[in-house]
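Coordinate inspection notes
Each chain is listed here by its residues.
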Amino acid sequence: MHAHVFASPESSFRATPAPNGRPRLSPGRWLARIGRVLCLAGMGAIAQAEERLPIFDAHMHYNVEARSLLSPKQVVELWRKTGIRGVLATSRPNDGTLDLMAQKAPDIQIVPFLRPYRVQPDRHDWFSSSGVAEYVEKELQRGIYRGIGEFHIFGKDADAPYMAKIARLAKERGLWLHAHSDEDAVERILRHAPGVKLIWAHTGMSTPLDKVEQMFEQYPNIVGELSYRGDLEQDGTLNPRWKQLFMKYPNRFVVGTDTWVTPRWGEVENLAAFYRRMLSALPRDVAERVAYRNGMEIFGLQ
Ligand SMILES: [Zn+2]
């Protein structure tokens, strides 16, 4: 809306130039002009307040299927168009993330995470697969990754020795985990390596919000990512219960698109618009935190 807000007042604002090149205005017109200037200033403030929030996308995948349809350059262009200024990139296999980094887009920060998946079926048994362990070992040698994930693990599976090993390794090396897990698995992971930093994909997807709140109180090292939380919206606006959580923990939520299947790439702009609409129910500073600043700060990018 910003362009047209200014277009019409500005065009009517121009006075006819006097012969010396300066506008010639009568006192009455001066008053009218001052009024318009004040009005414009007010509108400027409104336009500024409504300026679209930048987004840090803390949950995206540039998987092999998407790579055959969307070039890394096109992905960067989509991010630019959408106002996505930073991404936590995690791809299957990790080559997708490397391709995006190779674009070296100066205006988009890419935070690479090591995904422990070579192929789609790894998602089900990565924590008990020697092939995955070898792959992860090799990828770690690149020394570029800021975290490990997104991985899927639920319930007692999180007690698998390899999960424990990854949790401890992450803690030792100051890496983040990005876990798509139920609360039970999150707690098991945190028992393996108390204090390990963990982004909770989908904030548990369907974990009741009272439980989310309790987990956030208990584990200050958890950050909640919000994709696929269908309960964010209630009656066309931000669910008041979520609003309470954002106000209580303004530093601990991030948004994500989760382009886990290729058609989801077609939704990226809508998803960004959805988050902006939901977050507009919050004070601007809290909205900025959740949309963008938290993601950037977590990784020391601002
Ligand atoms: Zn995902």
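Residues numbered from 1 in each chain as written. Predicted model: local features only at pLDDT ≥ 70, side-chain atom pairs only at ≥ 80, totals over all residues. Heavy atoms only, no water.

The protein chain appears in an unreviewed UniProt entry as Amidohydrolase family protein from Noviherbaspirillum album.

1. Looking at the overall build of the protein chain
Cut-off, in case you're wondering: Helix numbering and strand numbering both begin at the N terminus, where a helix is a DSSP run of H or I of at least 4 residues and a strand a DSSP run of E of at least 2. Whether a residue is buried, partly exposed or exposed follows from its accessible area with a 1.4 Å probe, protein chains only, as a fraction of its type maximum: under 20%, in between, or over 50%, in that order. A contact between two residues is defined here by any heavy atoms of the two lying within 4.5 Å. For the accessible areas, the method is Shrake-Rupley and the probe is 1.4 Å, while residue cover comes only from the protein chains on display.
A count of helical and extended segments in the protein chain gives 13 helices and 10 strands. Classification of the 302 residues of the protein chain by burial places 50% in the buried group. Partitioning the contacts of the protein chain with sequence separation of at least 6, the portion at a separation of at least 24 is 72%. When the accessible surface of the protein chain is totalled, it reaches about 14,400 Å², and 55% of it is carbon and sulfur.

2. Quick word on the coordination of the zinc ion
Short version of the rule: Only nitrogen, oxygen and sulfur atoms within 2.8 Å of the metal, or 3.2 Å for Na, K and Ca, are treated as donors, and water is left out, so sites may look incomplete.
Around the zinc ion, the protein supplies H59 (NE2), H61 (NE2), E150 (OE) and D258 (OD) as donor atoms, at distances of 2.0 to 2.5 Å. In primary-sequence terms, the residues that donate to the zinc ion follow H-x1-H-x88-E-x107-D. One end of the pair, E150, is in strand β4 (residues 147-152); the other, D258, is in the loop between β10 (253-254) and α12 (268-279), with 108 residues separating them in the sequence. For the pair E150 and D258, a shared accessibility class is recorded, and that class is buried.

3. Looking at the confidence of the model for the protein chain
This is how it is decided: pLDDT measures how confident the predictor is about each residue, on a scale from 0 to 100.
Predicted confidence across the protein chain gives a mean pLDDT of 88, with 83% of residues reaching 70 or more. Contacts for the low-pLDDT stretch residues 42-49, under 50 throughout, to residues beyond four places or in other chains number 6 contacts.

4. A short note on the packing of helix α4 (residues 72-82) against α12
Let me state the cut-off plainly: Fitted lines through C-alpha atoms serve as axes, helices being fitted only where they are in contact, and the angles separating the N-to-C directions of these axes extend from 0 to 180 degrees. For classification purposes, angles smaller than 35 degrees are called roughly parallel, those larger than 145 roughly antiparallel, those between 65 and 115 roughly perpendicular, and all remaining angles oblique. For any helix crossing, the convention is left-handed if the near helix is rotated counterclockwise from the far helix by under a right angle, and right-handed if that rotation is clockwise. Think of it as three bins: nonpolar holds Ala, Val, Leu, Ile, Met, Phe, Trp, Tyr, Cys and Pro, charged holds Asp, Glu, Lys and Arg, and polar takes everything else, Gly as well.
In contact at an axis separation of 10 Å, α4 and α12 are set at 30° when each is read in the N-to-C sense. Relative to α12, the element α4 is oriented roughly parallel. α4 and α12 meet at a crossing whose hand is right-handed. Together, L78, K81 and T82 of α4 and V268, E269, A272 and R276 of α12 make up the contact between the two elements. Here the residues of the contact of α4 with α12 are counted per class, giving 3 nonpolar, 1 polar and 3 charged.

5. Remarks on the environment of K197
Considering the arrangement of structural elements, one finds K197 in the loop between α9 (183-192) and β6 (198-200). Its relative accessible area of 32% is what places K197 among the partly exposed residues. Separated by 22 residues in the primary sequence, K197 and L175 place their C-alpha atoms 7.2 Å from one another. Ignoring sequence-local partners within four residues, the contact set of K197 consists of G174, L175, W176, L177 and N221.

6. Details of the sheet that holds strand β7 (residues 222-225)
Strand pairing within a sheet occurs via backbone hydrogen bonds; the two strands may be parallel or antiparallel. How we decide: Pairing between two strands is assigned when DSSP locates at least 2 bridges connecting them.
The strand order across the open sheet built from 8 strands is β1-β2-β3-β4-β5-β6-β7-β10, with neighbouring strands paired in parallel fashion. Strand pairing shows two members of the sheet lacking a second neighbour, β1 (55-60) and β10, which therefore form its edges. Looking at chain direction, strand β3 (residues 109-114) and β4 are connected through 2 bridges and run parallel. If you follow L114 over to β4, its bridge partner there is I148.

7. Observations regarding a nonpolar patch on the surface
Note the following rule: What makes a patch is a set of residues exposed beyond 30% relative accessible area and free of salt bridges, joined within 9 Å when like-charged and within 5 Å when nonpolar (Val, Leu, Ile, Met, Phe, Trp, Tyr). By definition, a salt bridge exists where a carboxyl oxygen of Asp or Glu is found within 4 Å of a side-chain nitrogen of Lys or Arg.
Taken together, the side chains of M205, Y228, W260 and V261 present a nonpolar region at the surface, about 340 Å² in accessible area. Inspection of the secondary structure puts Y228 in the loop between β7 and β8 (233-234). Its relative accessible area of 35% is what places Y228 among the partly exposed residues.

8. Side note on helix α10 (residues 209-218)
As a reminder, the rule being used: The arc in question is formed by the directions pointing from the helix axis toward the C-beta atoms.
All of the buried residues in α10 are L209, V212, E213, M215 and F216. For α10, the arc enclosing every buried residue in end-on projection is 160°, short of the 170-degree limit, so these residues lie on one face. On its buried face, α10 is in contact with α9, β6, β7, α11 (240-248) and β10.

9. Quick look at the side chain of E150
Where we set the bar: Identification of polar contacts relies on pairs of N or O atoms within 3.5 Å, with a donor-acceptor requirement for protein atoms, meaning one able to donate a hydrogen and the other able to accept it, and with residues adjacent in sequence counted only if both atoms are side-chain atoms.
Look at E150 and you get buried, because its relative accessible area is 1%. A polar contact is formed between the side chain of E150 and the side chain of H59, at a distance of 3.1 Å. Other than its neighbours up to four places away in sequence, E150 contacts H59, H61, T90, R115, P116, Y117, H178, H180, A201 and H202.

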